[in-house]
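Structural overview
What follows is each chain in one-letter form.
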Amino acid sequence: MSLDVAQRRALLGHPGGWIATGFGSGLSPLAPGTVGSGAALLPWLALRELPWPAYVGLVVIAFAVGVWASNVAVSRLRIDDPGAVVWDEFVGQWIALLPLVVAPRGWLWILAGFALFRLFDVCKPWPVSWADRRIAGGFGVMVDDVIAGAYAAIVLWLAGCAIA
């Protein structure tokens with residue numbers, strides 16, 4: 001669902017709306033979730049240089065900011081989990097790529113982490129599907145992608161252990 005001009009103004013008229021849309025990446029007319037996940041890779045390239053405890057702390061802060069920003073978006077648009085809100089994809093993608101912060105690998109691993117996160121986010125295995133349907137508001141917008149990111153991180157980590 002694309003937003004009309006009035007909805008875009010309402011959303012982007014608040015700093016929380018800019019954050020919720022992944023600084024505009026969620027306004028893509030095609031596959032905003034995938035575009036948001038891809039946009040999340042840009043800051044990740046810098047964030048991966050942090051020591052992993054600092055990286056985890058930053059992801060926790062990004063989650064809290066995302067709950068707030070998603071609540072702003074939900075209240076301004078009066079839509080539960082609007083497609084333009086992609087900050088949850090940013091945080092989920094950063095969680096999925098955590099194994100590459102702990103044990104850096106090449107670009108194929110980054111693509112694998114991206115693909116795994118998108119797979120779990122789109123297919124929504126349990127409990128991702130449960131959280132997506134049952135938990136409302138900004139926390140609900142964020143938590144299903146956190147779980148999808150955790151699933152992707154586990155698979156990526158296990159694949160790295162199997163190859164090492």
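Not measured: the values here are computed from a predicted model.

Direction vectors running N to C along helix H4 (residues 52-77) and helix H5 (residues 87-96) enclose 160°, while the axes themselves pass 10 Å from each other. Classified by the interaxial angle, the pair formed by H4 and H5 is roughly antiparallel. Between H4 and H5 lies a crossing of left-handed hand. Contacts between H4 and H5 pair Tyr55, Val59, Ala62, Phe63 and Gly66 from the former with Trp87, Val91, Trp94 and Ile95 from the latter. In terms of residue class, the contact of H4 with H5 is made up of eight nonpolar, one polar and no charged.

It is worth spelling out the pattern of salt bridges at this point. One pass over the full model with this rule turns up five salt bridges. Residue arginine 48 is joined to glutamate 49 by a salt bridge in which the shortest nitrogen-to-oxygen separation is 3.7 Å. Overall, arginine 48 belongs to the partly exposed group, its relative accessible area being 30%. The salt bridge involving lysine 124 is made with aspartate 144; its shortest N-O contact spans 3.3 Å.

Our focus in this paragraph is the packing of helix H3 (residues 32-47) against helix H7 (residues 107-123). Two elements in contact, H3 and H7, have axes whose closest approach is 11 Å; the angle formed by their N-to-C orientations is 145°. Handedness of the crossing formed by H3 with H7: right-handed. Contacts between H3 and H7 involve Gly33, Thr34, Ser37, Gly38, Leu41 and Trp44 from the former and Ile110, Phe114, Phe117 and Arg118 from the latter. Partitioned by chemical class, the residues of the contact of H3 with H7 number five nonpolar, four polar and one charged.

This paragraph deals with the side chain of aspartate 88. Residue placement: aspartate 88 occurs in helix H5. One buried charged residue, aspartate 88, forms no salt bridge at all, with the nearest opposite charge on lysine 124 at 7.1 Å.

Moving on, we get to the confidence of the model for the chain. Confidence in the prediction for the chain averages 95 pLDDT; 99% of positions are at 70 or higher. For the chain, per-element mean pLDDT is lowest for helix H1 (residues 5-12), which scores 91, and highest for H5, which scores 98.

Reading guide: rules and limits
Residues numbered from 1 in each chain as written. Predicted model: local features only at pLDDT ≥ 70, side-chain atom pairs only at ≥ 80, totals over all residues. Heavy atoms only, no water. Axes fitted to C-alpha atoms, helices over the stretch in contact; angles between N-to-C directions. Helix = DSSP H or I, 4+ residues; strand = E, 2+ residues; numbered from the N terminus. Parallel < 35°, antiparallel > 145°, perpendicular 65-115°, else oblique. Left-handed = near helix turned anticlockwise from the far one by under 90°. Contact = heavy atoms within 4.5 Å. Nonpolar A, V, L, I, M, F, W, Y, C, P; charged D, E, K, R; others polar. Salt bridge = Lys/Arg side-chain N within 4 Å of Asp/Glu carboxyl O. Buried < 20%, exposed > 50% of the residue type's maximum accessible area, 1.4 Å probe, protein only. Lys, Arg positive; Asp, Glu negative; His and termini not counted. pLDDT = per-residue confidence, 0-100.

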